[in-house]
Amino acid sequence: MKKICFLSLKGGTGKTTTAFNVATQLANQGLKVLAIDLDPQGYLTCSFGESTAAGRKNVHDVINGVPIKEAIRETKSGVHLIAADLELTTADLDMKNEGREFFMRKALEKVTGYDVVVFDCCPFMGILSVNALVASDELIIPTEPEFLAMRGVRQLYLKVVQIIQKDLNPDLEFSGVVVTKFDSRKRNHRETSEKIAKLFPDKVFETKIRTNVALANATAAGVSIFDFAPDSNGATDYKALTDEVVKRYGLEKKV
Ligand SMILES: Nc1ncnc2c1ncn2[C@@H]1O[C@H](COP(=O)(O)OP(=O)(O)OP(=O)(O)O)[C@@H](O)[C@H]1O
Ligand SMILES: [Mg+2]
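One structure accompanies this document, and this report is about it.

Rules and cut-offs
Along every chain, residues carry numbers that run from 1 in the direction the sequence is written. Following the order in which they are written, the chains are lettered starting with A and the ligands numbered starting with 1. Side-chain atom pairs in this predicted model are given and counted only at pLDDT of 80 or more, local residue features only at pLDDT of at least 70, and totals for whole chains, interfaces and linings cover all residues. For the side-chain quantities, the full set of heavy atoms in the structure was used; hydrogens and water were omitted. In this analysis, strands are considered paired if DSSP registers two or more bridges between them. In DSSP terms, a helix is any run of H or I states spanning at least four residues, a strand is any run of E spanning at least two, and both are numbered starting from the N terminus. For helices, the fitted axis covers only the stretch in contact; all axes are lines through C-alpha atoms, and the angles between them, taken along N-to-C directions, range from 0 to 180 degrees. The contact rule is simple, with two residues in contact once any of their heavy atoms fall within 4.5 Å. Pairs of N or O atoms within 3.5 Å make up the polar contacts considered here, provided that, within protein, one atom can donate a hydrogen while the other can accept it, and that residues adjacent in sequence are counted only when both atoms are side-chain atoms. Each residue is placed in one exposure class: buried if its accessible area under a 1.4 Å probe, protein chains only, is under 20% of its type's maximum, exposed if it is over 50%, and partly exposed if it falls in between. To form a nonpolar core, buried Ala, Val, Leu, Ile, Met, Phe, Trp, Tyr and Cys residues must be joined to one another through side-chain atoms within 4.5 Å. The rule for a residue being near a molecule or strand is that one of its heavy atoms must lie within 4 Å of it. A 1.4 Å probe and the Shrake-Rupley method give the accessible areas. Residues count as covered only by the protein chains that appear here. In this classification, Asp, Glu, Lys and Arg are treated as charged, Ala, Val, Leu, Ile, Met, Phe, Trp, Tyr, Cys and Pro as nonpolar, and every other residue, Gly included, as polar. Here the expected span of a helix is defined as 1.5 Å times the quantity of residues minus one. In this description, the arc belongs to the directions extending from the helix axis to the C-beta atoms.

## A short note on the sheet that holds strand β4 (residues 80-82)
Here is step 1 of the chain: The sheet built from seven strands is open, its strands ordered β3-β4-β2-β5-β1-β6-β7 with mixed pairing. At either margin of the open sheet sits one strand with a lone partner, and together these are β3 (72-74) and β7 (173-179). Strand-to-strand twist across the sheet, computed as the mean angle between neighbouring axes with direction ignored, equals 25°.
Here is step 2 of the chain: Sheet strands in contact with helix α1 (residues 15-28) are β1 (2-6), β2 (33-38), β5 (116-121) and β6 (138-143), and its direction is about 165° off that of β5.

The following block contains the structure:
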């Protein structure tokens, strides 16, 4: 069971869009995928066309003692989901016990039968993001090809990932950077992408996700880009990225 965390400290870099479409494409290829929404805003949950309303079991309930398996729901995309809702906002207060950083890792020990677990995180290092990093094998950082975003990747790596690796999860690999919202007509996008590739050799995925409004519209419609606009640049790019993910992490396509 390969656990992959999508995290960046900058907001709006395409974490949720990437987690959602990669998870869906992995499922399209026959892999068993569990997606976990660790953002109280619940955008990943909405992307799957699922409700963020309290009532059905979600991550917040798991934190408050509901067995994790009871919070897993099937979505129409084939991906299984543990949803988020606004109650998750208080996670930093709810999780007070010693060892709280290991909560998700421990909870996942009771989950079997998946090839991949995908975490979508919020853009800051609260207890939820720490839990995702402690539970994960791989960290993928989506970033726009802009100077400040690139700085954010460096900071996340130097100030956070290395500390997590040293103190909490030596198995965590910072194993991927994905350039998102790429516009090849913009010189600063071309130049910054090259700088990112130099700064993080071997980590940057070859596939860049181009700016494509269909991706935003698909999310709003609660379906993946592959169902919404299968011939769009967004679908092409996320298929290529998922192929790279499969290869890089030694996952096996089942269809
Ligand atoms: N390649 C793209 N082209 C056009 N729009 C995109 C692209 N990727 C994401 N978007 C849009 O940009 C916005 C931010 O994307 P997304 O929600 O995936 O980012 P995020 O990093 O998860 O944000 P947050 O930090 O708030 O969680 C959304 O409206 C999304 O639809
Ligand atoms: Mg998000």
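Next comes the rest of the description.
## A look at the side chain of Ser 8
Here is step 1 of the chain: Of note, Ser 8 is situated in the loop between β1 and α1.
Here is step 2 of the chain: Side-chain polar atoms of Ser 8 contact the side chain of Thr 13, separated by 2.8 Å.
Here is step 3 of the chain: Among the polar contacts made by the side chain of Ser 8, one reaches the side chain of Lys 15 at a distance of 3.1 Å.
Here is step 4 of the chain: Filtering out sequence-adjacent residues up to four positions away, Ser 8 remains in contact with Thr 13, Lys 15, Cys 122, Pro 123, Ile 141, Pro 142 and Leu 156.

## As for the pairing of β5
Here is step 1 of the chain: In terms of burial, β5 is a largely internal element, six of the six residues being buried.
Here is step 2 of the chain: Residues Val 116, Val 118 and Asp 120 point to one face of β5 and Val 117, Phe 119 and Cys 121 to the other, with burial holding for every one of them.
Here is step 3 of the chain: Two elements, β1 and β5, share five bridges in a ladder whose sense is parallel. In the sheet register, Phe 6 faces β5, and the bridge partner there is Asp 120.
Here is step 4 of the chain: Of the pairings in the sheet, the one linking β2 to β5 comprises six bridges and is parallel in character. Bridge assignment links Ala 35 to a residue of β5, and that residue is Val 118.

## What about helix α6 (residues 127-135)?
Here is step 1 of the chain: Of all nine residues in α6, nine are buried, a share of seventy percent or more.
Here is step 2 of the chain: Looking only at α6, the buried set comprises Ile 127, Leu 128, Ser 129, Val 130, Asn 131, Ala 132, Leu 133, Val 134 and Ala 135.

## Thoughts on the nonpolar core
Here is step 1 of the chain: Counting 46 residues, the largest nonpolar core has Ile 36, Leu 108, Phe 119 and Leu 139 as the members making the most contacts within it.
Here is step 2 of the chain: Of all elements in the fold, only β2, α3 (59-63), α5 (103-108), β5, α6, β6, α7 (147-167) and β7 reach the threshold of two or more residues within this core.
Here is step 3 of the chain: At seven residues, α6 tops the list of elements feeding residues into this core.
Here is step 4 of the chain: In contact with Leu 108, other than residues within four places in its own chain, are Met 1, Lys 3, Leu 34, Ile 36, Ile 68, Val 117, Phe 119 and Ala 135.
Here is step 5 of the chain: Formed by 35 residues, the second largest nonpolar core is a distinct cluster that contains Leu 31, Ala 229, Val 246 and Leu 251.

## Observations regarding the site of ligand 1
Here is step 1 of the chain: Around ligand 1 sit 16 residues, and of these Thr 13, Lys 15, Thr 16, Thr 17 and Asn 212 come closest.
Here is step 2 of the chain: Within the side chain of Thr 16, a nitrogen or oxygen atom sits 2.8 Å from an oxygen atom of ligand 1.
Here is step 3 of the chain: Lys 181 has a polar side-chain atom sitting 3.0 Å from an oxygen atom of ligand 1.
Here is step 4 of the chain: Isolated, ligand 1 exposes 620 Å² of accessible area, and the fraction of that covered by the protein chains is 80%.
Here is step 5 of the chain: Contributing elements (two or more residues each) for the shell around ligand 1: α1 and α9 (213-221).
Here is step 6 of the chain: Among the elements that make up the shell around ligand 1, the one with the highest residue count is α1 (three residues).
Here is step 7 of the chain: Classifying every residue of the shell around ligand 1 gives four nonpolar, eight polar and four charged.

## Regarding helix α8 (residues 187-199)
Here is step 1 of the chain: The end-to-end C-alpha distance of α8 is 18 Å, a good match for the 18 Å that 13 residues give at a rise of 1.5 Å each.
Here is step 2 of the chain: Of all the positions in α8, only His 189, Thr 192, Ser 193 and Ile 196 are classed as buried. In a view along the axis of α8, the buried residues occupy a sector of 105°, so they form one face of it. Turned more than 90 degrees away from the buried face of α8 sit Arg 187, Glu 194 and Lys 198, all of them exposed.
Here is step 3 of the chain: Check the buried side of α8 and you find it contacts β6, α7 and β7.

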